[in-house]
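# Chains, contacts and geometry: an overview
Chain by chain, the residues run as shown.
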Amino acid sequence: MTVDTADLYRNFATREARGHSARYEELAAAVAEDEKLLALIERLPEPKRQPNLLLAAVRFLDGPTEDPEEFRSWVIGSWDRVGATMLRRRTQTNEAGRCATLLPLLASLRGPLALIEVGASAGLCLYPDRYRYAYDDRSSFGPADSPVTLGCRTSGPVPLPERLPEVVWRAGIDLNPLDVRDADDMRWLESLVWPEQRDRADRLRNAVSVARAEPLHLVRGDLNETVRELVAQVPQGATPVVFHSAVLFYLPTEAREAFTETMRGLPAHWISNEAPAILPSVTARLPRPAPQDRAVFALALDEQPVAFTGPHGQSLDWF
Ligand SMILES: C[S@@+](CC[C@H](N)C(=O)[O-])C[C@H]1O[C@@H](n2cnc3c(N)ncnc32)[C@H](O)[C@@H]1O
């Protein structure tokens, strides 16, 4: 089914940006009504027409995003560069904040842990033991010198850990791994953070500094083709844990099913943090329907759901 591009931008404005980014809401709504811009966007293959990709590309190229008229004429005049950036780049938002929702599960497993993140982007979620945590604004815990403190609101019987898990090995897989030492890659990640979300931009920069200090093994490849190989490389004595957030949505149904089968056969724990309808075995076991008034992910350990989580790690509602 082809998606109407004007509807795509209209829906983005009203359902995604509204309440989170007034600037993006205004720009996306203006694009939805602009025949010329829509015609340019429709020169791109359908998966490349996403509003997030266009808006990030314009910011990456230092285009204007304050005023819809200026935005329009700049995008039309710079379309060669804008379109090329949209073709070359992907929406690879890497949100270290998600570690706050993964941490209670990671800490509940027998360590030491070997972490493998599939769909890792730049790998910023692979450092859960290098960040500080402040659940419900209680005093924070974690390494005293960490530049990153992750706040998270909780409800329900969250098994808050007393100590951080010991991580002895970390590796990631991505179709297009981003390099924390590459200035352009990092500027792209910053461009993906919505303009008003300054806390997220600060967190991103600080998490990148953590990752730069301790580079990890990031493999380029499809998760279905590479996960088995990485699990086989886990050092003896460590507990392998494969995890992912905001990734399986990008896969067609058959590829999600293949991944599920692979994970069931691997000697590894499996932590998934995805939209509630993405993994049928998790969806079927949810103890209550997902809230309709806000976006959430379903967090599960070995296909058993344990919580709804805020998509950026901002909340953790334990079952
Ligand atoms: C929205 S980002 C999420 C990044 C990270 N998991 C996080 O939570 O911050 C999704 C990532 O999944 C990657 N991805 C999508 N499909 C993939 C596949 N089949 N194999 C490996 N990586 C994939 C994308 O390249 C992108 O970097």
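Residues numbered from 1 in each chain as written. Predicted model: local features only at pLDDT ≥ 70, side-chain atom pairs only at ≥ 80, totals over all residues. Heavy atoms only, no water.

## Observations regarding the state of the cysteines
Disulfides are covalent bonds that connect the sulfur atoms of two cysteines. Scanning the entire structure with this criterion turns up 0 disulfides. Note on C125: no disulfide assigned, nearest cysteine sulfur contributed by C99 at a separation of 4.6 Å. Left without a disulfide partner, C152 is nearest to the cysteine sulfur of C99, which lies 11 Å away. (Disulfide = S-S within 2.5 Å.)

## A few points about unusual backbone geometry
Put simply, G111 and P112 share a cis peptide bond, and its omega is -5 degrees. With respect to the helices and strands, the residue P112 is situated in the loop between α7 (99-108) and β1 (113-118). Backbone geometry places E303, a non-glycine residue, at a positive phi of 70 degrees. One can find E303 in the loop between β8 (297-301) and β9 (304-309). When its relative accessible area of 10% is taken as the criterion, E303 is described as buried. (Helix = DSSP H or I, 4+ residues; strand = E, 2+ residues; numbered from the N terminus. Buried < 20%, exposed > 50% of the residue type's maximum accessible area, 1.4 Å probe, protein only.)

## Quick look at the domain arrangement of the chain
Each assigned domain of the chain is listed here: domain 1 (5-88) and domain 2 (96-318). Taken residue by residue, the interface counts 16 residues in domain 1 and 11 residues in domain 2. In terms of surface lost to domain 2, no three residues of domain 1 exceed A56, R59 and F60, which account for 45% of the buried area on that side. Inspection of the domain 1/domain 2 interface yields 7 residue pairs in polar contact (both at pLDDT 80 or more). (Domains from an automatic or database assignment. Contact = heavy atoms within 4.5 Å. Buried area = accessible area lost by both parts, 1.4 Å probe. Polar contact = N/O pair within 3.5 Å; in protein donor to acceptor, adjacent residues only side chain to side chain.)

## Concerning the sheet that holds strand β10 (residues 315-318)
Taken together, the 10 strands give an open sheet; going across it, the order is β2-β3-β10-β9-β8-β7-β6-β1-β4-β5, and neighbouring strands pair in mixed fashion. Bordering the open sheet on either side are β2 (132-135) and β5 (217-220), each of which pairs with just one other strand. Taken pair by pair, the neighbouring strands of this sheet meet at an average axis angle of 25 degrees, ignoring direction. With 5 bridges connecting them, β8 and β9 associate as antiparallel partners. Bridge pairing in β9 places L299 opposite A307. Relative to strand β4 (residues 167-174), helix α10 (residues 223-232) is tilted by about 160 degrees, and along the sheet it contacts β1, β4, β5 and β6 (239-245). (Pairing = 2+ DSSP bridges. Axes fitted to C-alpha atoms, helices over the stretch in contact; angles between N-to-C directions.)

## Observations concerning α10
Since one α-helical turn is 3.6 residues long, residues separated by three or four positions face the same way. Taken together, the buried positions of α10 are L223, T226, V227, L230 and V231. With its buried residues spanning 135 degrees around the axis, α10 presents them on a single face. Set apart from the buried face of α10 by more than 90 degrees, the exposed residues are E225 and A232. Turning to α10, the residues buried within the fold contact β1, β4, β5, β6 and α11 (253-265). (Arc of directions from axis to C-beta.)

## Structural notes on the packing of helix α4 (residues 51-60) against helix α6 (residues 79-88)
At their nearest, the axes of α4 and α6 sit 9 Å apart, and the two run at 120 degrees to each other. Relative to α6, α4 is oriented oblique. You can see that α4 and α6 cross each other, and the crossing is right-handed. Between α4, through L53, L54, A57, V58 and F60, and α6, the contact on the second element is made entirely by W79, V82, T85, M86 and R88. Per-class residue counts for the contact of α4 with α6 are 8 nonpolar, 1 polar and 1 charged. (Parallel < 35°, antiparallel > 145°, perpendicular 65-115°, else oblique. Left-handed = near helix turned anticlockwise from the far one by under 90°. Nonpolar A, V, L, I, M, F, W, Y, C, P; charged D, E, K, R; others polar.)

## Focus on the packing of helix α1 (residues 5-17) against helix α2 (residues 22-32)
Relative to each other, α1 and α2 sit at 160 degrees, their axes nearing to 7 Å. With respect to their mutual orientation, α1 and α2 come out roughly antiparallel. Note on packing geometry: the crossing formed by α1 with α2 is left-handed. Here A6, Y9, R10, F12, A13 and A17 of α1 come into contact with α2, specifically with Y24, E25, A28, A29, V31 and A32. Grouping the amino acids of the contact of α1 with α2 by side-chain chemistry returns 10 nonpolar, no polar and 2 charged.

## Considering the nonpolar core
Core analysis: the biggest nonpolar cluster contains 77 residues, and L54, W79, V82, L124, Y131, I271 and L299 have the highest contact counts within it. Among the elements that take part in this core, α4 stands out by supplying 7 residues, more than any other. Split by domain, the residues of this core number at least three in each of domain 1 (5-88) and domain 2 (96-318). Apart from the residues lying within four places of it in its own chain, the contact partners of Y131 are A96, C99, L124, F141, G142, P143, S146, V148, L150, L164, A207 and V210. Residues I278, A290, A298 and F308 belong to the second largest nonpolar core, which totals 32 residues. (Core = buried A, V, L, I, M, F, W, Y, C linked by side-chain atoms within 4.5 Å.)

## Things to note about the site of the ligand
The immediate surroundings of the ligand are formed by 19 residues, with N94, E95, R98, G119 and D174 found nearest. Contact between the ligand and E95: an oxygen atom at 2.8 Å from a main-chain N or O atom of the residue. Surface burial for the ligand is 96%, taken as the share of its 600 Å² of free accessible area covered by protein chains. Split by residue class, the shell around the ligand holds 7 nonpolar, 7 polar and 5 charged. (Near = heavy atom within 4 Å. Areas by Shrake-Rupley, 256 points an atom, 1.4 Å probe, with all protein chains shown as cover.)

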